[in-house]
Structures are given as structure tokens and as C-alpha cells.
Amino acid sequence: MASVSEMYDVGWEEMRDKLRKWREDNRRNSEQIVDVGEELISEHASKLGDDIWIIYEQVMIAALDCSRDDLALTCLQELRKQFPDSHRVKRLAGMRLEALERYEEANKHYDAILQDDPTNTAARKRKIAILKAQGKSTEAIRELNEYLEQFVGDQEAWHELSELYINEHDYGKAAFCLEELMMTNPHNHLYCEQYAEVKYTQGGLENMELSRKYFAQALRLNNRNMRALFGLYMSASHIASSPKVSAKVKKDNIKYAAWAATQINRAYKLAGRGTKETKYSVKAVEEMLESMQITMS
Amino acid sequence: MAEPELLLDSNIRLWVVLPIVFITFLVGVIRHYVSILLQSDKKLTLEQVSDSQVLIRSRILRENGKYIPKQSFLMRKFYFNNQEDGFFKKTKRKVVPPSPMTDPSMLTDMMKGNVTNVLPMILIGGWINWTFSGFVTTKVPFPLTLRFKPMLQQGIELLSLDASWVSSASWYFLNVFGLRSMYSLILGQDNGADQSRIMQEQMSGAAMAMPADTNKAFKAEWEALELTDHQWALESVEEDLMSRELDLDGIC
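Residues numbered from 1 in each chain as written. Chains lettered and ligands numbered in written order. Predicted model: local features only at pLDDT ≥ 70, side-chain atom pairs only at ≥ 80, totals over all residues. Heavy atoms only, no water.

### A closer look at the overall build of chain A
Let me state the cut-off plainly: Secondary structure elements follow DSSP: runs of H or I of four or more residues count as helices, runs of E of two or more count as strands, with numbering from the N terminus. Each radius of gyration is computed over the set of C-alpha atoms, and the globule rule expresses the reference value as 2.2 Å times the number of residues to the power 0.38. Burial classes: relative accessible area under 20% of the type maximum marks a residue as buried, over 50% as exposed, and values in between as partly exposed (1.4 Å probe, protein chains only). When checking whether two residues touch, look at their non-hydrogen atoms; a contact exists if any pair is within 4.5 Å. In this tally, Asp and Glu contribute negative charge and Lys and Arg positive charge; neither His nor the terminal groups of the chain are included. For the purpose of locating charges, the reference atoms are NZ of Lys, CZ of Arg, CG of Asp and CD of Glu.
If you tally the helices and strands in chain A, you get 16 helices and zero strands. In terms of C-alpha radius of gyration, chain A reaches 25 Å, well past the compact-globule figure of 19 Å for 297 residues. Referenced to the eigenvectors of the C-alpha coordinate spread, the extents of chain A come out at roughly 75 × 50 × 30 Å. Here chain A, with 297 residues, has 43% of them falling under the buried criterion. Summarising the internal contacts of chain A: among those between residues at least 6 apart in sequence, 49% fall at separations of at least 24. Treating the 42 positive side-chain charges of chain A as one cloud and the 48 negative ones as another, the clouds have centres 8 Å apart.

Structural data, given as C-alpha cells:
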């Protein structure tokens, strides 16, 4: 089995820089990290200096993802030797227990950390993750709510809570969580789009209007968000076809839907530029749009 | 009136001016590393962390509330500011102003601060004064009145000498303040060798007490939030969006 450095013809510095980039981008490409990291650790450990500890942590988490328990254990032992009293290392030990499905022990581990340092957010989040892994969604939601009461500013927690609520079909509360995220990140088009989708799913005229507005906002923030474009088309057609709206609203929404349809057609034309299949795909798009049209009364 | 220009021995420049600069600089760097070693861990309580985050959330609500629907904004504003049980009205934190005498951790912090900063300055200032005494070191470029003479011309017993000619002790003090920018260049911002900043902090910091801040901060936030209104940013978003064609560059 050829080593990574042979396959891609890279030196150890490039491998280390690649790992750093993945770390900064928070990417979870665990198999690649394990391949690159394992080689870096076994062959070039002495050259890495102090970087090696954070690489151990990164590789360990990736190894747990890929079920490479041997590698994870090695990394953990090295880290334990170097930092015997560290909470960060204890959390990694807890994660390994979680990966082995020894949830009781892992919970005890995290409780010990929290007794020592009640403000440690990492341990609390791992406990909630255990509940989620065991399938106890209601408890996970309850714990996460309590966590958020203390740490209102934790954005990834809000996002996780919104996901849990969507899985439980509690769309109102999911919308609340997404609103928190939109407030803290007003320029992130993905949150706007997710919020609009939740509102669309909730249904009802008012929610439909909100959903259309937020799809439009997502598009304004990022012109290329196709999902938002389709969402705009759907929500506008939905409102236009509802019997309870006034004529003016109906007219406006038909206009919005038509505009959205033209943009969709344009996008598919541009995407298919240069290929023979363009004609066919454009026709397919038009047919799809027609079939998606809610019958207007 | 042109006063007679003194010509200083160039040996003075070589053996006095430059060594003092080096000494001051090295002492500053050593002070920086010592202060890092002696830094005590700041343990924050859960309540403090929680409060600071709540304040941030309220501020974000004020600034970015216009991106969420009006109903949601009002709901949150009500949660914070409601007369009977709004968060800012209801929570009163226990206020214990930490006087240096009663709070042991603050006392040790103060002591460490003094030891690392004031003590070396006094010691080295005195040593320089003793070593490099009895001669004129340098001339400050602006004219000074006679009242500065005893201060700046410590070891020099010449009544008729212009006050602009100063001794080595004053050159040392000049260096302490002058090398501040060098420290920021080499040790980065926020370094422990920055004496004048620390002295400024000591003077203004005595008036600040952290926990009392929380209650006041809550009150300030309550007032600010009362005044905020909801101007929905999405009023005319569809019109804005449709005023021009979408920029689909790069879609593939």
C-alpha cells in the first residue's frame, strides 16, 4: 500500500500544512485525515515539534470516525503522557469511550470534568451528544435547552437544537432557534433559507408570506442559491393559488413566481452551456416547472 | 540669547547612552516573560459567563433585530424587558465590590503587579544613577526652566548649567517610556513590559469594580432595549431582488 507521500508526491511540510488547513476549515474528511496524519505521526514525529500535539488530537478524532481504535488509543496515550491533567485530553478520552459505546463510563468521565470546572462547555455538549446517540431525543432536547439557558451565545448549539426540533416536527421552536442564528449572522444566506423552509413547512398564509420573504432575502445575499430560487417559486405560487388572498396579492405573487421561473430557466441554460443536451434539459426544466405549479383557481 | 554649546566626549555616547538603552530594553523583555510566568489563572464563575453572554444576546437583538420578523422581535423584547418578570428587571446579582483587603486573589494580583513593574524600575533607576553619575549625558531638544534642574541633573553640581543638559537617570526614564513602541513591535500588543499602560490602568482601575457592573450593565441594556424599535429589513426585499437579473456567474 503506497504511502500518501508517494502517491501524491508531497513532502512532510505540505502534509502538515494540509492538516492545518483542514483544521482551520473545520472539515470532517476523516479518512483523508487518518491517512495523512498516520503517516505524519509515524514517520516524521520528531520534525513536527510542538505541532504534534494538536495533530494527535485531530487524528484521534478522525480515527474514532473511521473505527480505527488502535490509532485512537495511541494518540490518546501520547497526549495523556504529555498533558496529564488536562480537561481537553479527558474529553478526548470520553469521546473514545463513546465511540466504543461505553456510554455509562463516558458519562461518568464528563461528570468528573464538570465537577472540576462547571463552565466547561465541551463536556456538557458531549453529554448531550451521548443522549442523541442513544436515540433519546426528548432528553437531548431538554438538556440542550438547559445548556442554552446558561450559554445563550453558543451558535452551534442553537443550530443543533433547531435540527433536533425539526426531527421532532416541532417547527415553531425550530424557527425560534433559527431566528437566533439569523440575528447573530445576518449575512449568512443558508440560515435565511433554512428558516424559510421551516416556515414553508409550517404552512398557513402568514407563514407562507414570511417564507417567501426569507427565500428572497437568501437570494439577495447569494444570487446563486438555487434552493432558495425554487423555494421562492413554490411559496409564491402557493400564495397565488390560495383562495383567501386579495386580487392584488394574487397578482403580485404571480409576478414573483413568473420572475422566479425565468431565472430558473436562465440558470439551467447557463449551466448547460456548451453541451448538446442543453436543449433537452431546458425543456425538462420547463416541464418540471409546469408540473410544480399549484393549480391556480 | 545663544548659550555656549557644550561638546560632549564621544565616549559618553558609546559607554553611557547606548548601554542605558540596552539595559532598559532587556529589563523590559525580562519583565514581560516574568509577568507571563506569574500570571494566575482567572477562574470565571458560571454566572459571570452566563451574564456576559446574555448581555451580548441583548445587544445583538438591538442591532440585528431588524432581520427577524416583527413578532419574534417583540417576543424577545418582552422576555427581556417585561415589567414584572422580564429578565433584566428580575435578576439582581449579589454585588460584592472586591476591595483589595478582603479579596485575597486581587491582593496577590496587585502585589505581583507591583513587584514586576514598580520595583525593578526603582532599583534600576537607582543603580544607574549611582553608576553613571557626575556627568552630563545628553541634551533635551527643547528649553527647560530652572525648576527642572534638581530633578533632571541629579549628580551634577553646576549652578550655571542650562536645564536642558540632563543626567543619565533622566535618560533612563526617557527610555522607559520611549521604548514602549519597540515593545509592541517585538512582543506584540498587550505585553507585560508596557509600564506606562500599566500605570494608567492602575490609576483608572482603582475606580472600577466588576460585579457592580453587572447590575448596572443590565439596567443600561434595559434602557437601550426599551428604546429600540423594529424596522424590518425585509419590507421590500422582493422588489429589491427583482429590480435586476440574478448574477448567475459561476453556476455549473
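### Section: the overall build of chain B
In terms of helices and strands, chain B carries 11 helices and two strands. Starting at the N terminus, the α and β elements of chain B follow one another as α-α-α-α-α-β-α-β-α-α-α-α-α. Within chain B, buried positions represent 37% of all 252 residues. Taking contacts inside chain B between residues at least 6 apart in sequence as the whole, the part at least 24 apart equals 70%.

### Here's the deal with the UniProt feature "transmembrane region" (unreviewed entry) in chain B
To keep it simple, the criterion reads: UniProt positions are given in the numbering used here, feature names are shortened, and annotations may be inferred rather than shown by experiment.
In the UniProt entry, the feature "transmembrane region" (unreviewed entry) is given for residues 12–34 and 115–136 of chain B. Span residues 115–136 of chain B is 77% helix and 0% strand, its end C-alpha atoms 31 Å apart.

### Comments concerning the packing of helix H13 (residues 205–221) of chain A against helix H14 (residues 226–240) of chain A
All names here are of chain A. Stated precisely, the cut-off is as follows: Here an angle of 0 to 180 degrees is reported between the N-to-C directions of two axes, which are lines fitted to C-alpha atoms, with helices fitted over the stretch in contact. An angle below 35 degrees is treated as roughly parallel, one above 145 as roughly antiparallel, one from 65 to 115 as roughly perpendicular, and anything else as oblique. Handedness of each helix crossing follows the sense of rotation of the near helix against the far helix: counterclockwise by less than a right angle gives left-handed, clockwise gives right-handed. In the scheme used here, Gly and all other residues not listed as nonpolar or charged are polar, with Ala, Val, Leu, Ile, Met, Phe, Trp, Tyr, Cys and Pro taken as nonpolar and Asp, Glu, Lys and Arg as charged.
Where H13 meets H14, the closest approach of the two axes is 8 Å, and the angle between their N-to-C directions is 150°. It follows that H13 is roughly antiparallel to H14 by the angle criterion. Relative to H14, H13 is oriented so that their crossing is left-handed. Across from Leu205, Met208, Glu209, Ser211, Arg212, Phe215, Ala216, Ala218 and Leu219 in H13, the residues of H14 making contact are Arg227, Ala228, Leu229, Gly231, Leu232, Ser235, Ala236, His238 and Ile239. Classifying every residue of the contact of H13 with H14 gives 11 nonpolar, four polar and three charged.

### Some points on the interface of chain A and chain B
Where we set the bar: By buried area we mean how much accessible surface two parts lose on assembly, using a 1.4 Å probe and totalling the loss over both. Should a side-chain nitrogen of Lys or Arg be within 4 Å of a carboxyl oxygen of Asp or Glu, the pair is scored as a salt bridge. Under the rule applied, a polar contact is a pair of N or O atoms within 3.5 Å (in protein, one hydrogen donor and one hydrogen acceptor; residues adjacent in sequence only if both atoms are side-chain atoms).
On the chain B side, the residues contacting the 38 residues of chain A number 37 residues. Summed over both sides, the interface of chain A with chain B buries roughly 3,600 Å², with 63% coming from carbon and sulfur. Taken as a group, Met183, Lys213 and Trp259 of chain A account for 19% of the area that chain A buries against chain B, more than any other trio of residues on that side. Applying the counting criterion to the chain A and chain B interface returns six salt bridges. Of the charged contacts, one joins Glu179 of chain A and Arg76 of chain B as a salt bridge, the two residues approaching to 2.8 Å between their closest N and O atoms. Counting the contacts that link chain A with chain B gives 16 residue pairs in polar contact (both at pLDDT 80 or more). Listed by contribution, the elements that provide at least two residues to the side of chain A that touches chain B are helix H9 (137–150), helix H11 (171–184), H13, H14 and helix H15 (247–271) of chain A.

### Observations regarding a nonpolar patch on the surface
Residue and element names in this part refer to chain B. Let me state the cut-off plainly: Patches draw on residues past 30% relative accessible area with no salt bridge. Two like charges within 9 Å are joined, as are two nonpolar side chains (Val, Leu, Ile, Met, Phe, Trp, Tyr) within 5 Å. Areas reported here follow the Shrake-Rupley algorithm with a probe of radius 1.4 Å; residue values treat only the protein chains shown as occluding.
Side chains of Leu14, Trp15, Leu18, Phe22 and Leu26 sit close together on the surface and give an oily, nonpolar patch of about 580 Å² of accessible area. Here Leu14 lies in helix H1 (residues 10–38). For Leu14, a relative accessible area of 46% puts it in the partly exposed group.

### A word on the nonpolar core
Burial of nonpolar side chains together is a common tendency in soluble globular proteins. All names here are of chain A. Filter applied, for reference: To form a nonpolar core, buried Ala, Val, Leu, Ile, Met, Phe, Trp, Tyr and Cys residues must be joined to one another through side-chain atoms within 4.5 Å.
In terms of nonpolar packing, the biggest core is built from 66 residues, with Leu161, Tyr214 and Leu232 touching the most fellow members. What Leu161 contacts, discounting residues up to four positions off in sequence, is Ile141, Leu144, Asn145, Leu148 and Cys177. By size, the runner-up hydrophobic cluster in this structure holds 36 residues, among which are Trp12, Ile33, Leu71 and Ala72.

### Section: the side chain of His44 of chain A
Note that His44 of chain A resides in helix H3 (residues 30–48). Separated by 3.0 Å, the side chains of His44 of chain A and Lys47 of chain A make a polar contact.

### Some thoughts on the UniProt feature "repeat: TPR" (unreviewed entry) in chain A
The UniProt record marks residues 155–188 of chain A with the feature "repeat: TPR" (unreviewed entry), using the residue numbering of this structure. Secondary structure content for residues 155–188 of chain A is 79% helix and 0% strand, and the end C-alpha separation is 13 Å.

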